Amino acid sequence: MKQLILTVIGRDKAGLVEQLATVITSHQGNWMASNLSHLGGYFAGILQLEVPEEHVFALTTELERMSDLDIKIQQGLHSEIHPDKQLQFIITGNDRPGIVRELSSVMKHKGANIIHFESSQQSAPNWGVPLFHAIATVELPDTLNKDEVVKALEAIAADVVVDIEH
């Protein structure tokens, strides 16, 4: 079996996931994991598939012919996942340009690896400015204490609050 990673984007409309699933299934592919979203009128996502090696060429050819989606296909790489070293940071603060760069820079300089990052801007009528909200799943090296990361993230600005979920 070969693993494929697909990135997809196209104008959002009903039926896109079903179209993808149909093509994948017709080539004996197995949809293993995905992260799909509607953003700014577009359907965007990333998928991890497993497909028998003898079906890879036909599957990729048919996927590339899908007119409603721009699809990029990569061969999957083996990577070790260490769930015991992962933490989920819930980050909230006043939204402003550059906040994601600031947060990701702190994590990088601390040696943390962002495994999953989801963010949104939320209305906050009582605050006068929109709120930034993010959930970051992060893998920490053995030498890094989670409290060090929280302290460094909260030092970005007085309004940044970081909670941890295990």
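About the cut-offs
- Along each chain, the written sequence defines residue order, and numbers are assigned to residues from 1.
- Only residues with pLDDT of 70 or above have their local features reported here, since the model is predicted, and side-chain atom pairs are shown and tallied only from 80 upward, although totals for entire chains, interfaces and linings are computed over all residues.
- Neither water nor hydrogens contribute to the side-chain values; these are computed over all heavy atoms in the structure.
- The term nonpolar core refers to a set of buried residues drawn from Ala, Val, Leu, Ile, Met, Phe, Trp, Tyr and Cys, joined through side-chain atoms within 4.5 Å.
- Only protein chains enter the accessibility calculation, which uses a 1.4 Å probe. A residue is then buried if its area is under 20% of the maximum for its type, exposed if over 50%, and partly exposed in between.
- In this analysis, two residues are considered to be in contact whenever any of their non-hydrogen atoms come within 4.5 Å of each other.
- Every definition here rests on a 1 Å grid over the protein atoms only: cavities are sets of points where a 1.4 Å probe fits but cannot get out, pockets are open sets enclosed by protein on both sides within 12 Å along at least five of seven lines, and lining residues have some atom within 4 Å of a point.
- Grid points are joined across faces, edges and corners, and a volume is the space filled by probe spheres set on the points.
- A run of H or I in DSSP counts as a helix once it spans at least four residues, and a run of E counts as a strand once it spans at least two, with each numbered from the N terminus.
- Residues are grouped as follows: Ala, Val, Leu, Ile, Met, Phe, Trp, Tyr, Cys and Pro are nonpolar; Asp, Glu, Lys and Arg are charged; every other residue, Gly included, is polar.
- A pair is scored as a salt bridge if a Lys or Arg side-chain nitrogen falls within 4 Å of a carboxyl oxygen belonging to Asp or Glu.

Asks: What is the right way to look at the nonpolar core in this model?
Replies: Soluble globular proteins: nonpolar side chains tend toward being buried together. By size, the foremost hydrophobic cluster in this structure holds 21 residues, and its most contacted members are Phe-89, Ile-91, Met-107, Val-138, Leu-140, Leu-153 and Val-162. In this structure Phe-89 touches Ala-134, Ile-135, Ala-136, Val-138, Lys-146, Val-149, Val-150, Val-162, Asp-163 and Ile-164, once residues within four positions along its chain are discounted. Within the second largest apolar cluster, 17 residues are counted, among which are Leu-4, Leu-6, Leu-16 and Leu-47.

Asks: Any chance you could explain the layout of surface pockets here in plain terms?
Replies: Think of a ball as big as a water molecule: rolled over the atoms, this probe shows where empty space is left. In this structure, the largest pocket occupies an estimated 730 Å³ of space. Along the walls of the largest pocket sit 20 residues, with Ile-5, Gln-48, Ser-79, Ile-81 and Ile-115 positioned nearest its centre. Sorting the residues of the lining of the largest pocket by element identifies β1 (2-11), β2 (30-39), β3 (42-51) and β6 (113-122) as the ones contributing at least two each. Element by element, the count of residues in the lining of the largest pocket is highest for β6, at 5 residues. For the lining of the largest pocket, the per-class residue count stands at 9 nonpolar, 9 polar and 2 charged. As a volume, the second largest pocket reaches approximately 220 Å³. Contributing to the lining of the second largest pocket are Asn-35, Leu-36, Ser-37, Leu-39, Ala-44, Gly-45, His-116, Phe-117, Glu-118 and Ser-119. For the lining of the second largest pocket, the secondary-structure elements that each account for two or more residues are β2, β3 and β6. Partitioned by chemical class, the residues of the lining of the second largest pocket number 4 nonpolar, 5 polar and 1 charged.

Asks: How should I be thinking about the side chain of His-27 in this particular structure?
Replies: Mapped onto the secondary structure, His-27 falls in the loop between α1 (16-26) and β2. For His-27, the residues in contact, after removing those within four places along its chain, are Val-51, Pro-52, His-55, Ala-58, Leu-59 and Glu-62.

Asks: It is not clear to me how the pattern of salt bridges should be interpreted in this structure. Could you clarify?
Replies: Pairing between side chains of opposite charge can happen when the charged atoms of each approach one another. This model, assessed by the stated rule, comprises 4 salt bridges. The salt bridge involving Lys-13 is made with Asp-68; its shortest N-O contact spans 2.9 Å. A residue pair is termed long-range when its members are at least 10 positions apart, and Lys-13 in the loop between β1 and α1 and Asp-68 in the loop between α2 (56-64) and β4 (70-75) qualify at 55 residues. Residue classification places Lys-13 among the partly exposed residues on the basis of a relative accessible area of 42%. A residue is classified by how much of its surface remains accessible, and Asp-68, at 30% relative accessible area, is partly exposed. As a salt-bridge pair, Glu-102 and Arg-96 come within 2.8 Å of each other at their nearest N and O atoms. Given a relative accessible area of 25%, Arg-96 falls into the partly exposed group.

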